[in-house]
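Coordinate inspection notes
As a plain string of letters, each chain reads:
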Amino acid sequence: MPKLSGSSVLITGGATGIGRAVVHHFVEEGARLCVLCVNDEQASSLRGEFGAEVETVIGDVRSLADNQRAAALAVERFGGLNTFIGNAGIWDFITPLEAQDEEKLERVCDDIFGVNVKGYALGAYACLPALRQSKGSIIFTASSSSFFTGGGGPLYVASKHAVIGLIKQLAKEVAPDVRVNGVAPGGTITNLSGSPSSEHAKSQMAEIPEIDKLLEGMTPLGFAAKPEDHVALYALLACPVSARYVTGTTILSDGGIGVG
Ligand code: NAD
């Protein structure tokens, strides 16, 4: 069993969806978490469920200062930092490149790469001083779209492929002090939303009609994942004992989409 008791963790996007399920599981396993949230509504909802077990910071993952504030709070409150989980993300609702609105395209590109790639790089930069001290680890939420087509349009798929590059290059750079790995979920029913600059700004994946049937049909295992289906992999990778020899790796949790 992975051991997380007493471990200090910073996670982005941990108020909803897959991140929220990770927070839930890690709290059950005895970890202490700081969650970078987008607004007070998300922060209050975490405080309502977890009380003092979970610290919250309101910010934007595209800001280095916000990531640094979150890392500093985790270190101050918990006496150090063992794991950074970069998880905040947005989707492109499988929009083909040529279907993007000409007026909005530059901002949509900036949004998707800003949150999904820059957000992870800035979070890692902010946390690495503390992670080197603790000999900790970084985990990024990648995606089946980090490997295969079909789960997003070109912008989302490219951003999630970039996450694999970040994992591999960082893993080499920060070894042997810090391990860097990824979890790559496949289609999971959440409120994953669109670029704030796109027509999907207020859309949520879970609202797509028959999304469960669509996802079930794409996977050899025949069902759409729930957020909690992925959490054990985060716990495994965060554990300094179970995963002490694991770095530069991304574990697919996608119902076998890649098998075809
Ligand atoms: P979600 O919308 O519940 O979670 C994403 C979180 O990121 C939200 O809490 C959101 O508020 C936060 N966020 C967005 N922009 C932010 C910003 N600028 N600053 C700070 N936080 C921000 O959806 P989810 O499905 O749980 O997504 C979590 C991760 O899982 C994402 O990286 C997503 O790409 C990835 N993923 C999701 C699926 C899926 O099918 N749902 C599949 C593969 C990978």
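So, how was this worked out
Residues numbered from 1 in each chain as written. Predicted model: local features only at pLDDT ≥ 70, side-chain atom pairs only at ≥ 80, totals over all residues. Heavy atoms only, no water. Helix = DSSP H or I, 4+ residues; strand = E, 2+ residues; numbered from the N terminus. Rg over C-alpha atoms; globule rule 2.2 N^0.38 Å. Buried < 20%, exposed > 50% of the residue type's maximum accessible area, 1.4 Å probe, protein only. Contact = heavy atoms within 4.5 Å. Areas by Shrake-Rupley, 256 points an atom, 1.4 Å probe, with all protein chains shown as cover. Lys, Arg positive; Asp, Glu negative; His and termini not counted. Charge placed at Lys NZ, Arg CZ, Asp CG, Glu CD. Pairing = 2+ DSSP bridges. Axes fitted to C-alpha atoms, helices over the stretch in contact; angles between N-to-C directions. Phe/Tyr/Trp six-rings, centres within 6.5 Å; stacked < 30°, edge-to-face > 60°. Near = heavy atom within 4 Å. Polar contact = N/O pair within 3.5 Å; in protein donor to acceptor, adjacent residues only side chain to side chain. UniProt positions renumbered as here; feature names shortened; annotations may be inferred. Expected span 1.5 Å × (residues − 1). Parallel < 35°, antiparallel > 145°, perpendicular 65-115°, else oblique. Left-handed = near helix turned anticlockwise from the far one by under 90°. Nonpolar A, V, L, I, M, F, W, Y, C, P; charged D, E, K, R; others polar.

The name recorded for the chain in an unreviewed UniProt entry is Ketoreductase domain-containing protein, from Hyphomonas chukchiensis.

**What to know about the overall build of the chain**
From N to C terminus, the chain includes 7 helices and 7 strands. Secondary structure elements in the chain, listed N-terminal to C-terminal, are β-α-β-α-β-α-β-α-β-α-β-α-α-β. Relative to the compact-globule value of 18 Å for 260 residues, the chain shows a C-alpha radius of gyration of 17 Å, a close match. Each principal axis of the C-alpha atoms in the chain carries an extent, and together these give about 50 × 35 × 35 Å. Put simply, the chain has 260 residues, and 52% of those count as buried. If you take every contact in the chain between residues at least 6 apart in sequence, the share linking residues at least 24 apart comes to 72%. Of the accessible surface of the chain, which amounts to about 11,900 Å², a share of 55% is contributed by carbon and sulfur atoms. Taking the average place of the 20 positive charges on the side chains of the chain and the average place of its 28 negative ones, the gap between the two points comes to 9 Å.

**Some points on the sheet that holds strand E5 (residues 137–141)**
Across the sheet, 7 strands lie side by side as E3-E2-E1-E4-E5-E6-E7; this open sheet has parallel pairing. Of all the strands in the sheet, the pair left with one neighbour each is strand E3 (54–58) and strand E7 (250–253). Sheet twist, expressed as the average angle between the axes of neighbouring strands with direction ignored, equals 15°. Running over the sheet, helix H2 (residues 40–50) touches strand E2 (32–37) and E3 and is turned about 175° from E3. Each of strand E1 (8–12), E2 and E3 touches helix H3 (residues 64–78); the most contacted strand, E3, lies at about 155° to it.

**Structural notes on the packing of aromatic side chains**
This structure, assessed with the given rule, holds 4 aromatic pairs. Note on Phe-84 and Phe-140: the rings are 6.4 Å apart at their centroids and 85° apart in plane angle, and the pair reads as edge-to-face. With a gap of 56 residues between them, Phe-84 in strand E4 (residues 83–86) and Phe-140 in strand E5 connect regions that are remote in the sequence. Both rings, one in Trp-91 and one in Phe-93, keep their centres 4.6 Å apart while their planes meet at 50°; by these two values the pair is tilted. Here the aromatic cluster, defined as three or more aromatic residues joined through ring pairs, consists of Phe-84, Tyr-120 and Phe-140.

**Considerations on the site of the ligand**
Inspection of the region around the ligand gives 28 residues, with Thr-16, Ile-18, Asn-87, Tyr-156 and Thr-190 positioned closest. Here an oxygen atom of the ligand and a side-chain polar atom of Gln-42 are 2.9 Å apart. Between the ligand and Lys-160 there is a distance of 3.0 Å, counted from an oxygen atom to a side-chain nitrogen or oxygen. Its free accessible area being 820 Å², the ligand has 94% of it covered by the protein chains.

**Observations regarding the environment of Ser-197**
Within the fold, Ser-197 resides in the loop between strand E6 (179–185) and helix H6 (211–218). Residues Ser-197 and Leu-170, spaced 27 residues apart in sequence, show a C-alpha to C-alpha distance of 30 Å. Those residues in contact with Ser-197, other than ones at most four positions away along the chain, are Lys-104, Arg-107, Val-108 and Asp-111. Polar contacts involving the side chain of Ser-197 include one to the side chain of Asp-111, which spans 2.6 Å.

**Describing the UniProt feature "domain: Ketoreductase" (unreviewed entry) in the chain**
This chain's UniProt record puts "domain: Ketoreductase" (unreviewed entry) on residues 7–195. A distance of 33 Å separates the end C-alpha atoms of residues 7–195, which is 47% helix and 17% strand.

**A look at helix H1 (residues 17–28)**
Between its first and last C-alpha atoms H1 spans 17 Å; for 12 residues at 1.5 Å apiece the expected length is 16 Å, and the two agree. Of all the 12 residues making up H1, 9 are buried; the element is thus mostly covered by neighbouring parts of the structure. What H1 keeps buried is the set Ile-18, Gly-19, Arg-20, Ala-21, Val-22, Val-23, His-25, Phe-26 and Val-27. Phi turns positive one or two residues past the end of H1, at Gly-30, with a value near 95°.

**Section: the packing of helix H4 (residues 105–134) against helix H5 (residues 154–174)**
Packing of H4 against H5 leaves a shortest axis separation of 10 Å and a crossing angle of 20°. The angle between the axes of H4 and H5 places the two elements in the roughly parallel class. For the pair H4 and H5, the crossing hand works out as right-handed. Here Leu-105, Val-108, Cys-109, Ile-112, Phe-113, Asn-116, Val-117, Tyr-120, Ala-121, Ala-124, Leu-128 and Arg-132 of H4 lie close against H5, whose contacting residues are Leu-155, Tyr-156, Ala-158, Ser-159, Lys-160, Ala-162, Val-163, Leu-166, Leu-170, Glu-173 and Val-174. Residues of the contact of H4 with H5, tallied by class, amount to 18 nonpolar, 2 polar and 3 charged.

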